Amino acid sequence: MAQIFGKSSSSIARVSLVSGFFGFFVFWGVVYMIYWSSWTTAKGVPREQEVPFSHQHHVSGLGIDCRYCHTSVEKSSFAGIPPTETCMTCHSHVWTDAPMLAPERQSLATQQPLNWKRVNDLPDFVFFNHSIHVQKGIGCSTCHGPVNLMPLTWKAHSLYMRWCLDCHEAPEKQIRPRDQIYNMEWQPPPDQRERGLQLLKDYHISQQRLNQLRDCSMCHR
Amino acid sequence: METIQGSEPQLRVPGKPYVVTPLDYPAVLIAAKDYQQVSDQIADIPLVHPRKREWLAGFSIACLLLLMFMVAVGYLLYRGVGIWGINIPVAWGFAITNFVWWIGIGHAGTFISAILLLLLQKWRTTINRFTEAMTLFAVICAGMFPLLHLGRPWVFYWLLPYPDTMALWPQFRSPLVWDVFAVSTYFTVSLLFWYLGIVPDLATVRDKARTKWRRIFYGLGALGWRGSAVHWQNHQSAYLLLAGLATPLVLSVHSVVSFDFAVAQLPGWHSTIFPPYFVAGAIYSGFAMVLNLVIPIRRLYGFQNLITERTLNNMACVMLATGWMVTYGYIMEAFMAWYSGEPFDRAMMWDRAFGAYGWVFWLLMTVNVFIPQLLWSRWVRTHPVPLFFVALSVNVGMWLERFVIVVQSLHHDFVPSSWRMYFPTKWDWMTLFGSIGLFLTLLFLFIRYLPMISISESRELIAQRKEGRL
């Protein structure tokens, strides 16, 4: 009977072995890249809104403080999305006829809130609290990035748990003085480590507290 | 004079053979006529498929059980582990009982193929392929249970250390993580060992096959084996090396499984005798399962000339020895509970024998300690039917042993207010018997499509017989 496997079979077998070995790493490398790409995380992707609100214009251009709209950031888990009335404190006087703001006026007339889409949305099994972060020296820009430069708002970070833990394992790298919390331009100074450790003391964050920051139940209750 | 000690080492006085007192046990290791007969007899089963009706009947029953397993697992994935009888404190229930039972059964394969190979035990030759396959299928069944008993089985891969998005890392101080590595290493090495052994036989089947697709199927598996001296040289080196690698695994895997219990503080678990006691129990139940499978198959396919009464006798002897090691474990558990003077240990031991699960304990003693004493009788060891039932009794007994360790210890811990009974639900039973279906389905496919006895090694035995070295 004729040979079933021709001369090329040996080469095919060897190539399959080698490519199977490398293929394993290539496959998982691709999976890894997909998981970390902005296609999955939406990091850096501007989110469309009914009204194309520009933080860049309102913060950098006009100098409005974060807390003017996000009123509950210092005392609540939720920073707060402003109601239409907050917008109307100015926009009942300026740009009253702008077509861009038509949904805003509609909302005020019908008393139906605007449907803002969340940009930074954590899963429901994560108990995140804005007030404790703000009180203990974590500034807005640490997590939200340079919001003052965003014409439309986007996520500055993946919000993956690994990213949360980067800071929870070593908060001294990010912690800042209380008067710098709302400073969007704040960058860690060269001696951040020493300053951070001192700030941890000032904020009464003991070693025991630091250890608790890595407990599952700290965020997953 | 001809001795009947077979391959056992013989002391020699220069000039004349050492006279060995005949032990009067079966002398024939292999009764096949010649090479040709061995090749035909074994290779014809995948090619010609004799006893089609019996195979189909068995396979259908296995498939039905497998279907039941799928229903049970499907409902488990839909509803969660609440469908089982588990509770707090008995959080482990049947799932871990079955896991330890199956992984124990999976121990005979490597014991026979690696340790007995290194010890030059030639009687392993005709059963090693079969038991290695049994090992693989048992480990597959075993591996499913720890995953199924997770609250969310679909994220089982969190058990592995890999750069995930959550910065989760397995707790390497936990024996449960050691389990993951022990079992997966064991499966990998067993698979390699089994496959390496089957390559020359696949070439034999390929050469005997007459249809194109069969030649392609077996040809792919044979990896271009031509039986040249170089092939054999490499094959034998690799086989011996793998045997050396697999030998520590026989001891390590079930030791690690026993750490799941021994590392915990619970009375009935926290015991230093557990690793050797578990390994002995594993080999005990493994040999029992081999006998339960080999005896019917030997009869069905007429393999009495390959798997001789001597092989059965030797397996029964291994069972008798390991059975006594396990019995020693039982005695030591009770003795240490008393000798320690620990009230909790004593209370646990008392509850084990005379508490709510006392009847399981005495049933265990009966089927695992008392009935196997029949193996002292040569008649039982060499007669397939009584041997089959003793092996069956051991298999049931080893399952009961794991049930007693897992459930009875958990249900009776330190605080009386947390004592609680465990009652298996129908889903527990369906998963247990369903996993037997999965095991049997794989086994039936194996005996249908692959040479279930090593052709090349059996021919080697015949060669040795011809040279008078057997």
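Thresholds applied
Residues numbered from 1 in each chain as written. Chains lettered and ligands numbered in written order. Predicted model: local features only at pLDDT ≥ 70, side-chain atom pairs only at ≥ 80, totals over all residues. Helix = DSSP H or I, 4+ residues; strand = E, 2+ residues; numbered from the N terminus. Rg over C-alpha atoms; globule rule 2.2 N^0.38 Å. Buried ≥ 20, exposed ≤ 12 C-beta atoms within 10 Å, placed from the backbone. Contact = placed C-beta atoms within 7 Å. Nonpolar A, V, L, I, M, F, W, Y, C, P; charged D, E, K, R; others polar. Axes fitted to C-alpha atoms, helices over the stretch in contact; angles between N-to-C directions. Parallel < 35°, antiparallel > 145°, perpendicular 65-115°, else oblique. Left-handed = near helix turned anticlockwise from the far one by under 90°. Core = buried A, V, L, I, M, F, W, Y, C linked by C-beta atoms within 7 Å.

Right, let's get into the overall build of chain B. Broken down by element type, chain B carries 16 helices and 2 strands. A compact globule built from 470 residues should have a C-alpha radius of gyration of about 23 Å, and chain B, at 23 Å, falls within 12% of that. Referenced to the eigenvectors of the C-alpha coordinate spread, the extents of chain B come out at roughly 70 × 55 × 45 Å. Relative to its 470 residues, chain B shows a buried fraction of 42%. Taking all contacts inside chain B whose residues are at least 6 apart in sequence as the whole, residues at least 24 apart take part in 81%.

This paragraph deals with the interface of chain A and chain B. The partner chain B presents 7 residues to the 9 residues of chain A that form the contact. If you list the elements that add at least two residues to the side of chain A that touches chain B, you get helix H1 (8–36) and helix H9 (161–168) of chain A. Residue classes in the side of chain A that touches chain B are distributed as 6 nonpolar, 2 polar and 1 charged.

To continue, consider the environment of Ser107 of chain A. Residue and element names in this part refer to chain A. Inspection of the secondary structure assignment puts Ser107 in helix H6 (residues 102–110). For Ser107, a count of 21 C-beta atoms within 10 Å translates into the label buried. When the C-alpha positions of Ser107 and Thr84 are compared, they lie 6.9 Å apart, and in sequence the two are 23 residues distant. Contact partners of Ser107, with chain neighbours within four places excluded, come to Thr84, Gln112, Pro113 and Leu114.

In this section: the packing of helix H3 (residues 93–105) of chain B against helix H5 (residues 128–148) of chain B. Residue and element names in this part refer to chain B. Where H3 contacts H5, the axes come no closer than 8 Å and their chain directions differ by 160 degrees. Between H3 and H5, the interaxial angle falls into the category roughly antiparallel. Crossing of H3 over H5 shows left-handed handedness. On the side of H3, the interface is formed by Ala95, Ile96, Asn98, Phe99, Trp102, Ile103 and Ile105, while H5 contributes Ala138, Val139, Cys141, Ala142, Phe145, Pro146 and Leu148. Classifying every residue of the contact of H3 with H5 gives 13 nonpolar, 1 polar and no charged.

What follows covers the nonpolar core. Where a protein is soluble and globular, its nonpolar side chains tend to be buried together. Phe287 and Val290 of chain B are the most contacted members of the largest nonpolar core, which totals 120 residues. A per-element tally of this core places helix H9 (residues 274–300) of chain B first, with 16 residues. Discounting residues that sit within four places of it in the chain, Val290 of chain B has contacts with Ala108, Ile127, Thr131, Met134 and Met315 of chain B. In this structure, Cys66, Val134, Cys140 and Ile181 of chain A belong to the second largest nonpolar core, which totals 5 residues.

That's the geometry; what it means functionally is another story.
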